[in-house]
Amino acid sequence: IPVGTSGHVVSLLSGGFDSPVASYLMSKRGCKVTMVFFHAYPFVGDEVKEKIKQLAAVLGKFQMSCELYIVPFGDMQKIIAKECKKEYRTLLFRHYMIMASDQLAHRVRADALCMGDALSQVSSQTMQNIAILDRSIVRTILRPLIGFNKSEIIALSKFIGAHDISVLPQDDACSLLAPKHPVVKPYHPYWSYFTNQFPLLEEIA
């Protein structure tokens, strides 16, 4: 479907296999894709930004061109790691990434967000965690890889020319700060209490 005829999405891009493939699939279905990457300095260095730029260049070939926004996120991760229960860290990282991406979507007039989640692939992608993250914003969150397994995603990554970039090693702050036993069935009262404590997203978005 011609790019731009099915709407406009903001895609949360990481350096792995999943999010570039998810972004490609949205382009394939006629969406204009704007990309956003959350840079976790000082937990990771600037070299990861070059990798992300290379991935964005590959994905830009499927829609003539694309925009990439790089958002500083390390300070927010410091706050979450200090203040919240350890088992909720990764989930809360994703919550605030979604909220910041929603603000970006409003600014660029995008209709939805796109994420590279595959059901139960990691702890933050259980049915319960996906459901509670969907409540972070009103805007629709599309997950075109939800029923894919890793081998299928990697095959598509090779097909679109992103594999050799995605496979390059990189530091990942979410992994560095990940708890030993992450929550898979979040406790709703705690979640509501914590996510109402930080209305300072405008400063990082």
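Please refer to the structure placed before this passage.
Note that the coordinates shown come from a computational prediction; the quantities given were computed from them, not determined experimentally.

(A) Representation of the overall build of the protein chain. For the protein chain, the count of helices and strands is 10 helices and five strands. Burial statistics for the protein chain: of 205 residues in total, 51% are counted as buried. Taking the intrachain contacts of the protein chain between residues at least 6 apart in sequence as the baseline, contacts between residues at least 24 apart amount to 80%. Within the structure as shown, the protein chain displays about 10,200 Å² of accessible surface, and the carbon and sulfur contribution to it stands at 55%.

(B) Just helix 1 (residues 18–28), in detail. Of all 11 residues in helix 1, 10 are buried; the element is thus mostly enclosed. Of all the positions in helix 1, only Asp18, Ser19, Pro20, Val21, Ala22, Ser23, Tyr24, Leu25, Met26 and Ser27 are classed as buried. At the exit of helix 1 stands Gly30, carrying a positive phi of roughly 95 degrees.

(C) Broad picture of the sheet that holds strand 3 (residues 68–72). Ordered by their spatial adjacency, five strands build an open sheet running 3-2-1-4-5, and the pairing between neighbours is parallel. Taken across any chain shown, the strands that pair with only one partner, and hence form the sheet edges, are strand 3 and strand 5 (140–142). Direction aside, the axes of adjacent strands within the sheet are offset by 30 degrees on average. With five bridges connecting them, strand 1 (residues 8–12) and strand 2 (residues 32–39) associate as parallel partners. Following the sheet pairing, His8 is matched in strand 2 by Lys32. Contacting strand 2 and strand 3, helix 2 (residues 47–60) crosses the sheet at an angle of about 170 degrees to strand 2. Across the face of the sheet, helix 4 (residues 89–108) comes into contact with strand 1, strand 2, strand 3, strand 4 (112–114) and strand 5 while running at roughly 150 degrees to strand 1.

(D) Summary view of the environment of Asp134. For Asp134, the position within the fold is in the loop between helix 5 (127–133) and strand 5. Residues Asp134 and His95, spaced 39 residues apart in sequence, show a C-alpha to C-alpha distance of 8.8 Å. What Asp134 contacts, discounting residues up to four positions off in sequence, is Ile141 and Arg143.

(E) Molecular detail of the environment of Ser19. Mapped onto the fold, Ser19 is located in helix 1. C-alpha separation for the pair Ser19 and Ser157, spaced 138 residues apart in sequence, amounts to 9.8 Å. In contact with Ser19, not counting residues within four places along its chain, are Ser11, Leu12, Leu13, Ser14 and Gly116.

(F) Summary view of the packing of helix 1 against helix 6 (residues 150–160). Contact pair helix 1 / helix 6: the axes reach a minimum separation of 9 Å and the direction vectors enclose 65 degrees. Between helix 1 and helix 6, the angle is such that the two are roughly perpendicular. Every pair of crossing elements has a handedness; the one defined by helix 1 and helix 6 is left-handed. Every residue of helix 6 that contacts helix 1 at Asp18, Pro20, Val21, Tyr24 and Leu25 is listed here: Lys150, Ile153, Leu156, Ser157, Phe159 and Ile160. Looking at side-chain class alone, the contact of helix 1 with helix 6 contains eight nonpolar, one polar and two charged residues.

The rules behind the values
Residues numbered from 1 in each chain as written. Predicted model: local features only at pLDDT ≥ 70, side-chain atom pairs only at ≥ 80, totals over all residues. Heavy atoms only, no water. Helix = DSSP H or I, 4+ residues; strand = E, 2+ residues; numbered from the N terminus. Buried < 20%, exposed > 50% of the residue type's maximum accessible area, 1.4 Å probe, protein only. Contact = heavy atoms within 4.5 Å. Areas by Shrake-Rupley, 256 points an atom, 1.4 Å probe, with all protein chains shown as cover. Pairing = 2+ DSSP bridges. Axes fitted to C-alpha atoms, helices over the stretch in contact; angles between N-to-C directions. Parallel < 35°, antiparallel > 145°, perpendicular 65-115°, else oblique. Left-handed = near helix turned anticlockwise from the far one by under 90°. Nonpolar A, V, L, I, M, F, W, Y, C, P; charged D, E, K, R; others polar.

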